[in-house]
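If you want the building blocks of each chain, they are given just below.
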Amino acid sequence: MSETRTDVLGTGWSFPVAVDARGRVALARRERDIEEAILVILLTAKGQRVMRPEFGCGIHDLVFAPNDATTAGLAIYYVEEALAMWEPRIRVLDVSAAPDPSAPERLLIEIKYEVKATYDRRALVFPFYRIPGE
């Protein structure tokens, strides 16, 4: 594969931020950078970043919602909306959500996506934790 094609995937600070063996900020490259960017988007609540209040995902509004089909549908909508807005390097193919059978307070969100530059198809499972008993 040509080097210029994978260069568009980018390089950024690793998430969580860490220091490498040389004492510099550790970096994530290519597909790993995309996966970490997805996590940053999903873990950031809208309004959390002062200078960019629209950045993030509305999924955090569901933290007190019951773990049912309505909540799963809203979670899917919020994830699709956030990734379409904030991660232009991917094409979201499918998002599904279902309660975790082993932990009733957790909603498992599976994201299937394609890296636009390489047509590489990938999947990521994002565990969303609700407040138990709500």
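Figured I'd write up the structure that's included with this text. Everything numeric in this text was worked out from a predicted model, so none of it was measured.

### Notes on the overall build of the protein chain
- Along the protein chain, the regular secondary structure elements total three helices and five strands.
- From first element to last, N terminus to C terminus, the protein chain shows the α and β order α-β-β-α-α-β-β-β.
- For the protein chain, with 134 residues in total, the buried portion stands at 40%.
- Long-range pairs, those at least 24 residues apart, make up 42% of the contacts in the protein chain with a sequence separation of at least 6.
- Surface exposure of the protein chain reaches about 7900 Å², of which carbon and sulfur atoms provide 56%.

### Remarks on the pairing of strand 3 (residues 90–100)
- As paired strands, strand 3 and strand 4 (residues 103–115) are joined by 10 bridges and run antiparallel to one another. Following the sheet pairing, S96 is matched in strand 4 by E110.

### A look at the sheet that holds strand 4
- On the basis of which strands lie adjacent, the open sheet formed by three strands has the order 3-4-5 and antiparallel pairing. Taken across any chain shown, the strands that pair with only one partner, and hence form the sheet edges, are strand 3 and strand 5 (120–129). Between one strand and the next, the sheet's axes are offset by a mean angle of 20°, whatever the strand orientation.
- Sheet contacts for helix 3 (residues 69–86): strand 3 and strand 4; angle to strand 3, the most-contacted strand, approximately 155°.

### Digging into the nonpolar core
- With 29 residues, the main nonpolar core has I38, I59, V79, I109, I111 and Y113 as its most contacted residues.
- Per element, the largest residue contribution to this core is seven residues, and it comes from helix 3.
- Other than its neighbours up to four places away in sequence, I111 contacts L42, V79, L83, D94, V95, R122, A123 and L124.

### So, the environment of V115
- You can see V115 is positioned in strand 4.
- On the accessibility criterion, V115 (1% relative accessible area) is buried.
- Separated by 23 residues in sequence, V115 and V92 place their C-alpha atoms 8.9 Å apart.

### Focus on the packing of aromatic side chains
- In total, this model carries two aromatic pairs according to the counting rule given.
- Taking the centre distance of 5.1 Å and the plane angle of 65° together, the rings of F55 and W86 count as edge-to-face. Of this pair, F55 sits in the loop between helix 2 (30–43) and helix 3 while W86 is found in helix 3, placing the two residues 31 residues apart along the sequence.

### Some words on helix 3
- For helix 3, which comprises 18 residues, the first-to-last C-alpha distance of 26 Å matches the rise-based estimate of 26 Å (1.5 Å per residue) to within 8%.
- Capping of helix 3 at its N-terminal end is provided by D68; its side-chain oxygen lies 3.3 Å from the backbone amide nitrogen of T70.

Parameters and conventions
Numbering of residues starts from 1 in every chain and runs along the sequence as written. Only residues with pLDDT of at least 70 are given local features in this predicted model, and only at 80 or more are side-chain atom pairs given and counted; all residues enter the totals for whole chains, interfaces and linings. In computing side-chain properties, one takes all heavy atoms of the structure into account and sets aside hydrogens as well as water. By the criteria applied, helices consist of DSSP H or I runs no shorter than four residues and strands consist of E runs no shorter than two, each listed in order from the N terminus. Working definition: with a 1.4 Å probe on protein chains only, accessible area under 20% of the residue-type maximum means buried, over 50% means exposed, and in between means partly exposed. By definition, residues are in contact when any of their heavy atoms lie within 4.5 Å. Where accessible areas are quoted, they stem from the Shrake-Rupley method and a 1.4 Å probe; at the residue level, only the protein chains shown are allowed to cover. A pair of strands counts as paired when DSSP detects no fewer than two bridges linking them. Note on geometry: axes are C-alpha line fits, over the in-contact stretch for helices, and angles between N-to-C directions span 0 to 180 degrees. In this text, buried Ala, Val, Leu, Ile, Met, Phe, Trp, Tyr and Cys residues form a nonpolar core when linked through side-chain atoms within 4.5 Å. In this scheme Phe, Tyr and Trp rings, the latter by its six-membered ring, pair at centre separations within 6.5 Å, and the angle between planes marks the pair as stacked below 30 degrees, edge-to-face above 60, and tilted otherwise. The span you would expect from a helix comes to 1.5 Å times its residue count less one. In protein, a polar contact requires one atom able to donate a hydrogen and another able to accept it; more generally it is a pair of N or O atoms within 3.5 Å, and residues adjacent in sequence count only if both atoms are side-chain atoms.

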